[in-house]
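Descriptive analysis of the structure
Each chain, letter by letter, is given below.
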Amino acid sequence: MEIPPEVLSALGRVKEDMGRIGESVQNPSLRAAIRHYIETPGKMIRPLLLLLFTYVLDPERLEDERIINAAALLEVLHIVSLLQDDVADRHDVRRGVKTPRALYGDGMAIVASDWLIAEAIERAVSISADAVKYLAGVAKRLAEGQALDVEGLRREAAELKTAPLIEAAFVMPTMILRRRDLLRPAAALGRLLGVLYQYSDDMADEGAEREMTPLIEEIRSSVKSLRKLLGDKIIPLERFVELVLKRAVDGTLTTAKL
């Protein structure tokens, strides 16, 4: 689909911002572990969703440094989850390349995740106290999801392992742009999309069967709720969500480019 050029431009600024993360770290192995997933990025779906939702709310606010910072922050927290997941599940390869734990050891991968958590805290503080409190809650839910995953409870982990950060992609713009009236419906849509993404990831990794129809219907209903509040401004987001749903149904959501 065609993503608005303003969103793509803002995403470029996020990538530039992230490109500087960890450069000042003196220990070469730690620096390399910190920057590994920055230099081998995935789809950056969380920053993209945050920027797209911001565009729907107010395109001019894509110039707000707090929005760029928030988008980068979500990707930093996602990288933290990847580093820890690699250690917990003993992944030696991800995205076709060796993981930091395979290259530098489990200990260094964990230390790198600690450093990136500190980076995320610094960024959250620069946004607002409310952002710090909200993101701390997100991090706690992610930890609970990872714990369930470690115990082999993949289905139970779905709503906690991935959903909180995708929910945050919708919540953070409502906080920064002071649109508290949209907080609940925006959070609901983000949470549902996060569950869909985790289900799709499970299917791609393990061939685990999931009944998608009820979840897809719930996502479409959530989009309709936001449309009542935003009107036609929501069209770019509607189109993107429909693409996500199509990819989820055909099994390519987590394996193909959006």
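Just above sits the structure.
If you're wondering where the values come from, they're calculated on a predicted model, not measured in any experiment.

Calculation rules
Numbering of residues begins from 1 in every chain and follows the order in which that chain's sequence is written. Under the rules for a predicted model, residues below a pLDDT of 70 receive no local features and side-chain atom pairs below 80 are neither given nor counted, while totals for whole chains, interfaces and linings still include all residues. With hydrogens and water excluded, all non-hydrogen atoms of the structure serve as input to the side-chain values. Salt bridges are defined as contacts in which a side-chain nitrogen from Lys or Arg sits within 4 Å of a carboxyl oxygen from Asp or Glu. Strands are runs of DSSP state E lasting at least two residues, helices are runs of H or I lasting at least four, and both sets are numbered from the N terminus onward. Relative accessibility thresholds used throughout: buried, under 20% of the residue-type maximum; exposed, over 50%; partly exposed, between the two (1.4 Å probe, protein chains only). Within 6.5 Å between ring centres, the rings of Phe, Tyr and Trp (the latter by its six-membered ring) count as paired, and their orientation is classed by plane angle as stacked under 30 degrees, edge-to-face over 60, tilted in between. Only Lys NZ and Arg CZ are tested; either one counts as a charge over a ring when it is within 6 Å of the ring centre and within 35 degrees of the ring normal. Cavities and pockets were defined on a 1 Å grid built from protein atoms only: a cavity is a group of points that admits a 1.4 Å probe but offers it no way out, a pocket is an open group of points flanked by protein on both sides within 12 Å along at least five of seven lines, and a lining residue is one with an atom within 4 Å of any such point. Grid points are joined across faces, edges and corners, and a volume is the space filled by probe spheres set on the points. The axes are straight lines fitted to the C-alpha atoms, using for helices just the contacting stretch, and the angles between their N-to-C directions are given from 0 to 180°. Any angle that is under 35 degrees is reported as roughly parallel, and any over 145 degrees as roughly antiparallel; angles of 65 to 115 degrees are reported as roughly perpendicular and all others as oblique. Left-handed is the label given to a crossing in which the near helix is rotated counterclockwise from the far helix by less than a right angle, and right-handed is the label when the rotation is clockwise. We call two residues contacting when some pair of their heavy atoms lies within 4.5 Å. Only Asp, Glu, Lys and Arg are considered charged in this grouping, and only Ala, Val, Leu, Ile, Met, Phe, Trp, Tyr, Cys and Pro are considered nonpolar; every other residue, Gly among them, is considered polar.

1. Focus on the pattern of salt bridges
Overall, the coordinates contain 22 salt bridges when judged by the stated rule. Salt-bridge contacts for Glu 119 lead to Arg 123; the nearest nitrogen and oxygen are separated by 2.8 Å. Linking Glu 119 with Arg 123, this pair stays in helix H6 (residues 106-125), spanning four residues, or about one helical turn. Arg 123 shares its class with Glu 119; the two are buried. Beyond isolated ion pairs, a larger network of salt bridges with shared partners links Asp 85, Asp 86, Arg 94, Asp 149 and Lys 161.

2. Quick look at the packing of aromatic side chains
Within the structure shown, the criterion is met by one aromatic pair. Note on Phe 53 and Phe 170: the rings are 5.2 Å apart at their centroids and 50 degrees apart in plane angle, and the pair reads as tilted. Of the two residues, Phe 53 is situated in helix H3 (residues 45-57) and Phe 170 in helix H9 (residues 163-176); the sequence distance between them amounts to 117 residues. Grouping residues by exposure puts Phe 53 and Phe 170 together as buried. In this structure, Arg 46 is placed above the aromatic ring of Tyr 197, and the distance from its NZ or CZ to the ring centre is 5.8 Å.

3. Topic: the layout of surface pockets
Estimated volume of the largest pocket: approximately 1,100 Å³. Around the largest pocket, the lining comprises 42 residues; the ones closest to its centre are Arg 46, His 78, Ser 81, Leu 82 and Arg 94. Contributions of two or more residues to the lining of the largest pocket are made by H3, helix H4 (65-89), strand E1 (93-94), H6, helix H7 (129-150), helix H8 (154-161) and helix H10 (183-206). It is H4 that provides the largest number of residues to the lining of the largest pocket, a total of ten residues.

4. Examining the packing of helix H2 (residues 28-39) against H4
The geometry of H2 relative to H4 is characterised by a closest axis approach of 10 Å and an angle of 115 degrees between their N-to-C directions. Compared by their axis directions, H2 and H4 come out roughly perpendicular. Between H2 and H4 the crossing geometry is right-handed. In this structure, H2 uses Ala 33, Tyr 37 and Ile 38 to contact H4, whose residues at the interface are Ile 79, Leu 82, Leu 83 and Asp 86. Per-class residue counts for the contact of H2 with H4 are six nonpolar, no polar and one charged.

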